[in-house]
Amino acid sequence: MIKRPLLALRALLPGRLGKPRQPPATVARVDLDRLLGTWFEVARLPNLEADGPWQDSVNVTATYTKRADGRIFVQTVAHNAKAGMRRSEVNGSVHPADPSGSKLILRFFKLIRGDLWVIGLDPDYRWALMGTPSRRRLWLIARAPRIEPEDFDQAMAIAVAQGYDAARVRPTRQRVVS
């Protein structure tokens, strides 16, 4: 009996599906102290949590602060445009998975763990491109709610070069919350 039928099927298919994909390349190094502070989500690959049937996340920010124990705390805030701009907040922690600081591990609710890799980074830390190794999730974050078109294009070129579907990336709306 085949224990992993999907893998067996992929092996039989011609072309790219039959080949194992290399993980995306990350930036050489991330200075985690420069990552601290508030970042605005500029764009993302659609995902169920932010873009589900009853969800339209706008005004998304992530604020990274260093805790007394040296770990990094992250607070993600979003407003749901489909629910009267209701505010939601998720808190968690971030720690590096390797010495470069470019592969991060996120933990939310002590139960949920996710890999977040920095695949693009402005030298002045004005913007960062982060994605999951599976390439199913991608975020462009910046120190301001909007970035220059050239910076956006550069980030999307990195995404494409790393195998992400940049054609599906959607801008995150930043609206005024009353």
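One structure accompanies this document, and this report is about it. Nothing here was measured: the structure is a model prediction, and the numbers come from that model.

## Some thoughts on the nonpolar core
Turning to step 1, where the next piece is worked out: With 21 residues, the main nonpolar core has Y64, L104 and M130 as its most contacted residues.
Turning to step 2, where the next piece is worked out: Of all the secondary structure elements, the ones that give two or more residues to this core are α2 (32-35), β2 (57-66), β3 (72-80), β5 (103-108), β6 (112-121), β7 (127-131) and β8 (138-142).
Turning to step 3, where the next piece is worked out: In contact with M130, other than residues within four places in its own chain, are L35, Y64, L104, L116, W117, V118, R137, L138, W139 and I141.

## Structural notes on the packing of aromatic side chains
Geometrically, a pair of aromatic rings is defined through the distance of the ring centres and the angle of the planes.
Turning to step 1, where the next piece is worked out: In the structure shown here, the tally under the stated rule is zero aromatic pairs.
Turning to step 2, where the next piece is worked out: Stacked on the ring of W117, the Lys or Arg K103 has its end atom at 4.4 Å from the ring centre.

## Examining the environment of P24
Turning to step 1, where the next piece is worked out: Along the chain, P24 falls in the loop between α1 (5-12) and α2.
Turning to step 2, where the next piece is worked out: Placed 108 residues apart in sequence, P24 and T132 show a C-alpha to C-alpha distance of 8.6 Å.
Turning to step 3, where the next piece is worked out: Not counting residues within four places of it along the chain, the set of residues in contact with P24 comprises W117, I119, T132, P133, R135, Q162 and Y164.

## Brief notes about the pattern of salt bridges
Turning to step 1, where the next piece is worked out: In this structure the tally under the stated criterion is 10 salt bridges.
Turning to step 2, where the next piece is worked out: Notably, a salt bridge pairs E89 with R87, separated by 2.8 Å at the nearest N-O pair.
Turning to step 3, where the next piece is worked out: Salt bridges linked by common partners bring E41, R44 and D51 together as one network.

## What about unusual backbone geometry?
Turning to step 1, where the next piece is worked out: One non-glycine residue, M85, adopts positive backbone phi at about 65 degrees.
Turning to step 2, where the next piece is worked out: Among the secondary structure elements, M85 is positioned in the loop between β3 and β4 (86-96).
Turning to step 3, where the next piece is worked out: With phi around 60 degrees, Y125 is a residue other than glycine that occupies positive phi space.
Turning to step 4, where the next piece is worked out: Of note, Y125 is situated in the loop between β6 and β7.

Rules behind the numbers
- Residues numbered from 1 in each chain as written.
- Predicted model: local features only at pLDDT ≥ 70, side-chain atom pairs only at ≥ 80, totals over all residues.
- Heavy atoms only, no water.
- Core = buried A, V, L, I, M, F, W, Y, C linked by side-chain atoms within 4.5 Å.
- Buried < 20%, exposed > 50% of the residue type's maximum accessible area, 1.4 Å probe, protein only.
- Helix = DSSP H or I, 4+ residues; strand = E, 2+ residues; numbered from the N terminus.
- Contact = heavy atoms within 4.5 Å.
- Phe/Tyr/Trp six-rings, centres within 6.5 Å; stacked < 30°, edge-to-face > 60°.
- Lys NZ or Arg CZ within 6 Å of the ring centre and 35° of its normal.
- Salt bridge = Lys/Arg side-chain N within 4 Å of Asp/Glu carboxyl O.

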